[in-house]
Amino acid sequence: MKKNKVEIIAEIGVNHDGSFEKSIKLIQSAKKCGADTVKFQTFFSGEFVTQNTKKALYQLKTTSKKESHFDMINKLELSEYDFFRIINFCKKIKINFLSTPYDLKSLEILKKLKVPRYKTSSADLVDFMLHKEIIKTKKPVIISTGMANLSEINDAINVCKKNGNKKIIILHCVSSYPAVINQSNVYTIVDLYKKFGLNIGLSDHTLSNSVSCTSIAFGACLIEKHFTIDKDTNSPDNKFSLLPHEFNQLA
């Protein structure tokens, strides 16, 4: 496994609350904290959430119970023009931009905006239609593996390789929000490298930096941590995100 500098990704995700202005504040803060990259989520609620979709358990704990899952997702959307301005701002202050497309419409927008690489969510590991369309861009892809078994990870990697994309990073991920430290099993990073021979990173949902720091000793090439500037809003991910002074200790 390569021993290059570990990339630190500030996962802004939906902590912008659907606001372009807050997105800019988050990017500025992440830059000051030493993050190499800010990561967003690109989606359209009507493309991947139905009116009857139920909230995840952690979302029920962190958002209003009177609000539907669709309404929650809908208010967290950013527009194509928002992403255009966000990407230009990232270029201006020299921080990398990354986003996860959750549907084909979102992928088309990111392609139009000429992003240099993509990240797929754990939930979309088996969405081979999305993976194949990403592969057509000939850009690197970061694949998150929460909830997956080795066979499913192998299938996703094979889809990429058979379609001509070998520029892959696999992320070890525990899909709990927040994740418990003693269930994080960072040695999986070593196992994944031995199994697939690819660079391996960590998407860390724990409430501290200890798992992330430990992962570096096991060869992680990048670390992704959720990042926020305000834990008092009803954004579903805020409660398990790091504040600037906490993230600064990692970056």
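Conventions and cut-offs
- The residue numbering used here restarts from 1 in each chain and proceeds along that chain's sequence as written.
- For a predicted model such as this one, the threshold for reporting local features is a pLDDT of at least 70, and the threshold for listing and counting side-chain atom pairs is 80 or more; totals across whole chains, interfaces and linings nevertheless cover every residue.
- To obtain the side-chain values, all non-hydrogen atoms of the structure were used and water was disregarded.
- Cavities and pockets are defined on a 1 Å grid built over the protein atoms alone: a cavity is a set of grid points where a 1.4 Å probe fits but cannot escape, while a pocket is an open set with protein on both sides within 12 Å along at least five of seven lines, and lining residues are those with an atom within 4 Å of any such point.
- Grid points are joined across faces, edges and corners, and a volume is the space filled by probe spheres set on the points.
- By definition, any uninterrupted DSSP run of H or I lasting at least four residues is a helix, any uninterrupted run of E lasting at least two residues is a strand, and each is numbered from the N terminus.
- Residues were grouped as follows: Ala, Val, Leu, Ile, Met, Phe, Trp, Tyr, Cys and Pro as nonpolar; Asp, Glu, Lys and Arg as charged; and all remaining residues, including Gly, as polar.
- Buried residues are those whose accessible area, probed at 1.4 Å on protein chains only, stays under 20% of the maximum for their type, while exposed residues exceed 50% and partly exposed ones sit between those limits.
- In this description, the arc belongs to the directions extending from the helix axis to the C-beta atoms.
- The contact criterion used is simple: two residues touch if any of their non-hydrogen atoms lie within 4.5 Å.
- For salt bridges, the criterion is a side-chain nitrogen of Lys or Arg within 4 Å of an Asp or Glu carboxyl oxygen.
- Paired strands, as defined in this entry, are two strands with at least two bridges between them according to DSSP.
- Whether a crossover is right-handed depends on one test, that the path from the first strand over the helix to the second runs clockwise when the strands point away from the viewer.

Peer 1: What is the right way to look at empty space enclosed by the protein in this model?
Peer 2: One simple way to see leftover space: roll a probe sized like a water molecule over the atoms. Tallying each qualifying case throughout the model produces one cavity of 30 Å³ or more. Quantified by volume, the largest cavity comes out at close to 50 Å³. Lining the largest cavity, in full, are His-172, Cys-173, Val-174, Ala-179, Ser-184, Leu-202, Ser-203, Asp-204, His-205, Thr-206 and Val-211. Contributions of two or more residues to the lining of the largest cavity are made by β6 (168-173) and β7 (199-204). The element best represented in the lining of the largest cavity is β7, accounting for three residues. When its residues are assigned to classes, the lining of the largest cavity shows five nonpolar, five polar and one charged.

Peer 1: Before we go on, may I ask you to explain helix α10 (residues 210-217) in this structure?
Peer 2: Taken as a whole, α10 has its buried residues at Val-211, Ser-212 and Ser-215. Seen along its axis, α10 keeps its buried residues to an arc of 100°; they face one direction. Packing partners of the buried residues in α10 comprise α9 (188-196), β7, β8 (222-226) and α11 (244-250). Within two residues after α10, Gly-219 carries a phi angle of roughly 105°, on the positive side.

Peer 1: What exactly am I supposed to notice about the pattern of salt bridges here?
Peer 2: Once the charged atoms of two side chains with opposite charge are near each other, the side chains can pair. Counted according to the given criterion, the structure contains ten salt bridges. The partner of Lys-5 in a salt bridge is Asp-36, with the nearest N and O atoms 3.0 Å apart. Of the two residues, Lys-5 is situated in the segment before β1 (7-13) and Asp-36 in the loop between α1 (20-32) and β2 (37-42); the sequence distance between them amounts to 31 residues. Judged by relative accessible area, Lys-5 falls into the exposed class, the value being 64%. With a relative accessible area of 22%, Asp-36 lands in the partly exposed category.

Peer 1: It is not clear to me how the layout of surface pockets should be interpreted in this structure. Could you clarify?
Peer 2: One number sums up the size of the second largest pocket: a volume of about 230 Å³. For the lining of the second largest pocket, the secondary structure elements donating two or more residues are β5 (141-144) and β6. Of the residues contributing to the lining of the second largest pocket, the split by class is eight nonpolar, one polar and five charged.

Peer 1: So what exactly am I meant to see when it comes to the pairing of β6 here?
Peer 2: Two faces make up the sheet, and in a regular strand the side chains alternate between them. Where burial is concerned, most of β6 is hidden: six out of the six residues are buried. Burial along β6 is two-sided: Ile-168, Ile-170 and His-172 facing one way and Ile-169, Leu-171 and Cys-173 facing the other are all buried. Across four bridges, β5 lies against β6 in parallel orientation. Along β6, the bridge assignment pairs Val-141 with Ile-168. Of the crossover connections in this fold, the one passing from β5 over helix α8 (residues 150-162) to the parallel β6 is right-handed. Where β6 lies against β7, five bridges are found, and the strand directions are parallel. Following the sheet pairing, His-172 is matched in β7 by Leu-202. You can see the chain leave β6, run along α9 and come back into β7, and the turn it takes is right-handed.

Any functional reading would require information that these geometric values do not contain.
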